[in-house]
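What follows is each chain in one-letter form.
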Amino acid sequence: METLWFTSALWVGLALASSLISIRVGVSVALIEIVLGSFGGNLLGMAPNAWVNYLAGVGAILLTFLAGTEVDPAVVRKHFRSTMSIGAVGFLAPYLGVLGYAHYGLGWAWPQAQIAGIALSTTSVAVVYAVMVETGFNRAEMGKIILAGCFINDIGTVLALGVVFANYNLWLAAFAAATAVALWLVPRFIPWFFTLVRERVSEPEVKFLLLLLFLLGGLAALANSEAVLPAYLIGMALAPYFLKHKAVALRIRAMAFTLLTPFYFLKAGSLVKFETIAAAAGLIAVFLAVKMATKFAGIWPLTLAFRFKRREAMYTTLMMSTGLTFGTISALFGLTNGIVDQDQYTVLVAAVIGSAVVPTIIAQKWFQPEVEFSEDESAGRGSESRAEA
Amino acid sequence: MFGKILHANDGSEGAFKALAAALNLARRYRAELHMVSVEELPWLPGTREEVVGEKALANHHFEAVAAKAAAIAKKERVKLHTHLVAGHPVSTIARLVETHRFDALVIGFMGHAALYNAIMGSTAERLVRLAPCTVIVVK
């Protein structure tokens, strides 16, 4: 029993250290958790066991669910064409490019190449959102379109994960039918149910959501699909409700970020092999270059078509080349299901982390848009300007 | 000499010393005085929640800073324009000075750990280097 608690202490200790380092250096806690997890795995012999896998799995489901709740369907509906085109190109260009390179260039089998394509097709909504806030783009329609495009990009990733490797049998039909019914029913049922049981200490709202996500996740697993797919879709279906009622989402966030997502990111890091990074540094760089080049080829012309200034077009393109959370989820899915081996997983996760770091540094170093004081929605930029004495 | 002055304030004691100096300068030169606070968002966030949470925390902090500065300026009978922008403090302030053609930047001095200072330099040192105007560091 003492081993269980000491193991727990090690994992939670690393999670706490990640939080403290993140606060001190101002870098994402998720990234620090992956890095500390890799040190834990390589130097401390930290290996995921059954209960760590469970906590990490629930963490990935809740992380994806919360990401889904942030989609603003009103913006997607209002700018359907531009949102869908940016999102679809943002997904398809790197997916096909990396898939082709991994299969034809490296000789990876199709399923392995698929995982590579999916893992590097993502755009980090979080990184793009942070940049939007810094430039003031988030308040402009253009910024909302780009953010919604990032969500569509992620839907592409999650759908590909859920569909490409699924068994096309009765279980998949049952999973699809159950998800469709849930997507129709949940937005109607939840407002009534949450009003009925609201704000009780026993948290029936959170328990109901967990029940739903676990049931659909179970069906997804039976069809050899991925539990994050229904989680993202249910999150999207509930986005209008959660935009108005943030309390339940905040409680899920507190639960997820305290005990679940740290296990997920630490586990993702612990499976990275240092010797593979050293041996395959060139390959990692090429994967990163292919991702960035294909994102550039797809998104840059679109930003110009939407009349971005050149500097802002480049900045946006670079930002949409970033990836982190969904990239690691995809790579870990490949490893967990025996599609890729640990060396391939390491290469992909390193490339994913590289895609979070490199485009951001290039964008901030050479293509940072000007900072404005005044709020100017029509110009697509603005910063907060307040209180005059 | 100084028609337009920018004061950067992070809410620290040193920053409020700098505000006093900036108010003095603005009164003496009848200059337009702006105050900017820069909220730092997490670099490479893994989730949007991280950004939202950090921003809410920073907003809460800087609202109090702006209110306190506004009250001091009112007492000194100087008009103070306060602004809140997100970004990295050094690059954001340097670019604001350049974009809005400020004549002077007034900042407080805040030291970091010796190792950090040796490698990176303090925020004040980097602003002295990068801001394209007169920089007054108040200690």
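Here goes a summary of the coordinates provided. If you're wondering where the values come from, they're calculated on a predicted model, not measured in any experiment. (Residues numbered from 1 in each chain as written. Chains lettered and ligands numbered in written order. Predicted model: local features only at pLDDT ≥ 70, side-chain atom pairs only at ≥ 80, totals over all residues. Heavy atoms only, no water.)

Thoughts on a nonpolar patch on the surface
A contiguous nonpolar surface patch, about 640 Å² in accessible area, is contributed by Val181, Trp184, Leu185, Phe189, Trp192 and Leu196 of chain A. Among the structural elements, Val181 of chain A can be located in helix 9 (residues 170-197). (Patch = residues over 30% accessible without salt bridge, like charges linked within 9 Å, V, L, I, M, F, W, Y side chains within 5 Å. Areas by Shrake-Rupley, 256 points an atom, 1.4 Å probe, with all protein chains shown as cover. Salt bridge = Lys/Arg side-chain N within 4 Å of Asp/Glu carboxyl O. Helix = DSSP H or I, 4+ residues; strand = E, 2+ residues; numbered from the N terminus.)

Quick notes on the packing of aromatic side chains
Aromatic ring pairs are described here by two measures, namely the spacing of the ring centres and the angle between the planes. Residue and element names in this part refer to chain A. Counting across every chain of the model gives 20 aromatic pairs over all chains. Where Tyr101 meets Phe287, the ring centres are 5.4 Å apart and the plane angle is 85°; that geometry is what we call edge-to-face. Within this pair, whereas Tyr101 is found in helix 5 (residues 80-105), its partner Phe287 is found in helix 14 (residues 281-305), the two being separated by 186 residues in sequence. Exposure remark for Tyr101: the relative accessible area of 21% places this residue in the partly exposed category. Given the relative accessible area of 0%, Phe287 is considered buried. Ring centres 5.4 Å apart and planes at 55° place the aromatic pair Trp108 and Phe287 in the tilted group. You can see Trp108 sitting in the loop between helix 5 and helix 6 (110-119) and its partner Phe287 sitting in helix 14, a full 179 residues away along the chain. (Phe/Tyr/Trp six-rings, centres within 6.5 Å; stacked < 30°, edge-to-face > 60°. Buried < 20%, exposed > 50% of the residue type's maximum accessible area, 1.4 Å probe, protein only.)

Let's talk about the interface of chain B and chain A
Taken together, the 40 residues of chain B in the interface contact 40 residues of chain A. Buried surface at the junction of chain B and chain A, both sides included, amounts to about 3,600 Å², of which 59% is carbon and sulfur. Linking chain B to chain A there are zero salt bridges. In this structure, the connection of chain B to chain A is made through zero residue pairs in polar contact (both at pLDDT 80 or more). Of all the elements in the fold, those that place two or more residues in the side of chain B that touches chain A are strand 2 (32-39), helix 2 (48-75), strand 3 (80-86) and helix 3 (89-99) of chain B. If you tally residues by element for the side of chain B that touches chain A, the top one is helix 2 of chain B, at 14 residues. Split into classes, the residues belonging to the side of chain B that touches chain A amount to 20 nonpolar, 12 polar and eight charged. (Contact = heavy atoms within 4.5 Å. Buried area = accessible area lost by both parts, 1.4 Å probe. Polar contact = N/O pair within 3.5 Å; in protein donor to acceptor, adjacent residues only side chain to side chain. Nonpolar A, V, L, I, M, F, W, Y, C, P; charged D, E, K, R; others polar.)

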